[in-house]
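Observations on chain architecture
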Amino acid sequence: MNKEALKLLISPSDIASKVSELAKQILNDHGEEELILIGTLKGSFIFLADLVRALDKKDVFIDFVRVKSYGYSDTSSEEIVITKDIELPLEGKTVILVEDIVDTGLTVKFLLEHLKLHKPKIVKVCALIDKRERRKVDVPIEYVGFVVEKGFLVGYGLDYAEKYRHLPGVYEVIKS
Ligand code: IMP
């Protein structure tokens, strides 16, 4: 049986400082506007919860979206479908898509196209982790927490087969 070990990559206190830094950047750019944060389920639920509290802003609203991707190994193509759509009206609003981790970039690309159909004033992406090695499409990430080259990461909302989401830090999975 395969066993995995976890190596701490980002400590809870480093995450906390980064989250308040990101909140400051967002307030600096959009502090005067009503904001809608859209978290991608399930991975971003802890990040979004901390970010929204760090923003400490009256006119901030929260929604979630969930997608499922199907990979086809024969063509290495991917199909992404929405399994839980946005419920708040976005027309004319300032929207921030809150992602746990951007890997190939396909999910963010798909979601940006989807969100634009709702005619927001602007959509920006805030990602806790920008993981570069497997990027297939260029996507704009205006607010980046940590840049990581590679590795499979868990904790702080991120899972490996639904495990480890509860961990307060981010860990790399080391398989043996
Ligand atoms: P992308 O479409 O390849 O950018 O993938 C984005 C999604 O894949 C994320 O929202 C995660 O759900 C998942 N994912 C990608 N890399 C990791 C990882 O290292 N750990 C956990 N989930 C990951």
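Here's what I pulled together on the structure shown here. Note that this is a predicted model, so its numbers are computed, not measured. (Residues numbered from 1 in each chain as written. Predicted model: local features only at pLDDT ≥ 70, side-chain atom pairs only at ≥ 80, totals over all residues. Heavy atoms only, no water.)

Bringing the overall build of the protein chain into the picture now. The number of helices and strands found in the protein chain is three helices and nine strands. Helices and strands in the protein chain line up, N terminus first, as β-α-β-α-β-β-β-α-β-β-β-β. Scaling as 2.2 N^0.38, a compact globule of 176 residues should have a C-alpha radius of gyration of about 16 Å, and the protein chain matches this with 16 Å. Seen through its principal axes, the protein chain has C-alpha atoms that stretch 50 × 40 × 25 Å. Sorting the 176 residues of the protein chain into buried and exposed places 44% on the buried side. A separation of at least 24 residues holds for 67% of the contacts in the protein chain among residues at least 6 apart in sequence. Taken together, the 26 basic and 29 acidic charged side chains of the protein chain have centroids lying 3 Å from each other. (Helix = DSSP H or I, 4+ residues; strand = E, 2+ residues; numbered from the N terminus. Rg over C-alpha atoms; globule rule 2.2 N^0.38 Å. Buried < 20%, exposed > 50% of the residue type's maximum accessible area, 1.4 Å probe, protein only. Contact = heavy atoms within 4.5 Å. Lys, Arg positive; Asp, Glu negative; His and termini not counted. Charge placed at Lys NZ, Arg CZ, Asp CG, Glu CD.)

Turning to the site of the ligand, a few remarks are in order. As a matter of local geometry, the ligand sits amid 15 residues, with D103, T104, T107, K131 and L153 nearest to it. In the environment of the ligand, an oxygen atom lies 2.5 Å from a nitrogen or oxygen atom belonging to the side chain of T104. Between the ligand and G105, the relevant distance is 2.9 Å, taken from an oxygen atom to a main-chain nitrogen or oxygen of the residue. Compared with its free state, where it exposes 490 Å², the ligand has 81% of that area covered by protein. Mapped onto the shell around the ligand, the elements with two or more residues apiece are strand 5 (94–102) and helix 3 (106–116). By residue number, the principal contributor to the shell around the ligand is strand 5, which donates four residues. (Near = heavy atom within 4 Å. Polar contact = N/O pair within 3.5 Å; in protein donor to acceptor, adjacent residues only side chain to side chain. Areas by Shrake-Rupley, 256 points an atom, 1.4 Å probe, with all protein chains shown as cover.)

So, about the sheet that holds strand 1 (residues 4–10). The three strands are arranged 1-9-8 in an open sheet whose pairing can be described as antiparallel. Edge strands, defined here as strands with exactly one partner in the open sheet, are strand 1 and strand 8 (153–154). Judged from the two bridges that link them, strand 8 and strand 9 (residues 170–175) form a sheet pairing that is antiparallel. Paired with L153 across the two strands is E172, which belongs to strand 9. (Pairing = 2+ DSSP bridges.)

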